[in-house]
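Commentary on secondary and tertiary structure
So you can see what is in the structure, the chains are spelled out below.
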Amino acid sequence: MCDLVVLENTLSFKLLLLIHYSREISDEIIIKLDENSDYLRRHIRRLIQNKYIKKIELDEKIFYRVTRKATQELLQINPECFRLMSSVPIKSEYRRRSRFHSISEILVFMNN
């Protein structure tokens, strides 16, 4: 059994899924999720410490991406759901990044 099963149905797991579905998410969008950003940041730090996400600084902004370890464990949990998402590699093109940011903003909006 993988370590992510323990995290299921927690805020950390939901954040991980949000980052996984959007491929890359900015720190600004995560803050929009909840006014209590300290609480969210603790979960983000926990995910970074467990090497499920990595923090990247691009264009003077902070972004988060899912690591290979997290992707493999998500595939173990539900292969049919995550197989398609893990097969499309991310590139650092501006248009692609902006499209994924739009997706993540929509997901945050839908969550609220």
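Reference entry: report on the structure contained in this document. Since the model is a prediction, treat every value here as computed from it, not as a measurement. (Residues numbered from 1 in each chain as written. Predicted model: local features only at pLDDT ≥ 70, side-chain atom pairs only at ≥ 80, totals over all residues. Heavy atoms only, no water.)

Now for the overall build of the chain. Secondary structure assignment for the chain yields seven helices and three strands. Along the chain, helices (α) and strands (β) appear in the sequence α-α-β-α-α-β-β-α-α-α when read from the amino end. A buried classification covers 39% of the 112 residues belonging to the chain. Residue pairs at least 24 apart in sequence account for 65% of intrachain contacts in the chain once pairs closer than 6 positions are excluded. Summed over all atoms, the accessible surface of the chain reaches about 7,400 Å², with 50% contributed by carbon and sulfur. (Helix = DSSP H or I, 4+ residues; strand = E, 2+ residues; numbered from the N terminus. Buried < 20%, exposed > 50% of the residue type's maximum accessible area, 1.4 Å probe, protein only. Contact = heavy atoms within 4.5 Å. Areas by Shrake-Rupley, 256 points an atom, 1.4 Å probe, with all protein chains shown as cover.)

Our focus in this paragraph is unusual backbone geometry. Phi at Lys 51 takes a positive value of approximately 60°, unusual for a residue other than glycine. If you check the backbone angles, Asp 59 has positive phi at about 50° while not being a glycine. Tracing the backbone through its elements, the reader meets Asp 59 in the loop between β2 (53-58) and β3 (61-66). Accessibility expressed as a relative area gives 58% for Asp 59, which makes it exposed.

Turning our eyes to something else, we now look at helix α4 (residues 37-49). Each full turn of the α-helix corresponds to 3.6 residues, which orients residues three or four apart in the same direction. In a regular helix each residue adds 1.5 Å, so 13 residues correspond to 18 Å; α4 covers 18 Å between its end C-alpha atoms and thus fits that length. Considered for burial, the residues of α4 that qualify are Ser 37, Leu 40, His 43, Ile 44 and Leu 47. Here the buried residues of α4 occupy an arc of 120° about the axis, which is enough to place them on one side. Turned more than 90 degrees off the buried face of α4, the exposed positions are Asp 38 and Gln 49. (Expected span 1.5 Å × (residues − 1). Arc of directions from axis to C-beta.)

The final tally for this structure, using the stated rule, is two salt bridges. Residues Arg 65 and Glu 24 are paired through a salt bridge, measuring 2.5 Å at the closest nitrogen-oxygen approach. In this pair, Arg 65 is assigned in strand β3 and Glu 24 in the loop between α2 (11-22) and β1 (25-26), connecting sequence segments 41 residues apart. (Salt bridge = Lys/Arg side-chain N within 4 Å of Asp/Glu carboxyl O.)

Moving on to the packing of α2 against helix α5 (residues 68-77). Here α2 crosses α5 at 105°, and the two axes come no closer than 12 Å. One way to sum up the angle between α2 and α5 is to call them roughly perpendicular. Contacts between α2 and α5 involve Phe 13, Leu 16, Leu 17 and His 20 from the first element and Ala 70, Thr 71, Leu 74 and Ile 77 from the second. Split into classes, the residues belonging to the contact of α2 with α5 amount to six nonpolar, two polar and no charged. (Axes fitted to C-alpha atoms, helices over the stretch in contact; angles between N-to-C directions. Parallel < 35°, antiparallel > 145°, perpendicular 65-115°, else oblique. Nonpolar A, V, L, I, M, F, W, Y, C, P; charged D, E, K, R; others polar.)

We now examine the nonpolar core. By size, the foremost hydrophobic cluster in this structure holds 16 residues, and its most contacted members are Leu 16, Ile 19, Ile 25, Ile 44, Ile 53 and Tyr 64. For this core, the elements supplying multiple residues, two or more each, are α2, α3 (27-33), α4 and β3. Tallying contributions element by element places α2 first for this core, with four residues. (Core = buried A, V, L, I, M, F, W, Y, C linked by side-chain atoms within 4.5 Å.)

By themselves these figures say nothing about function.
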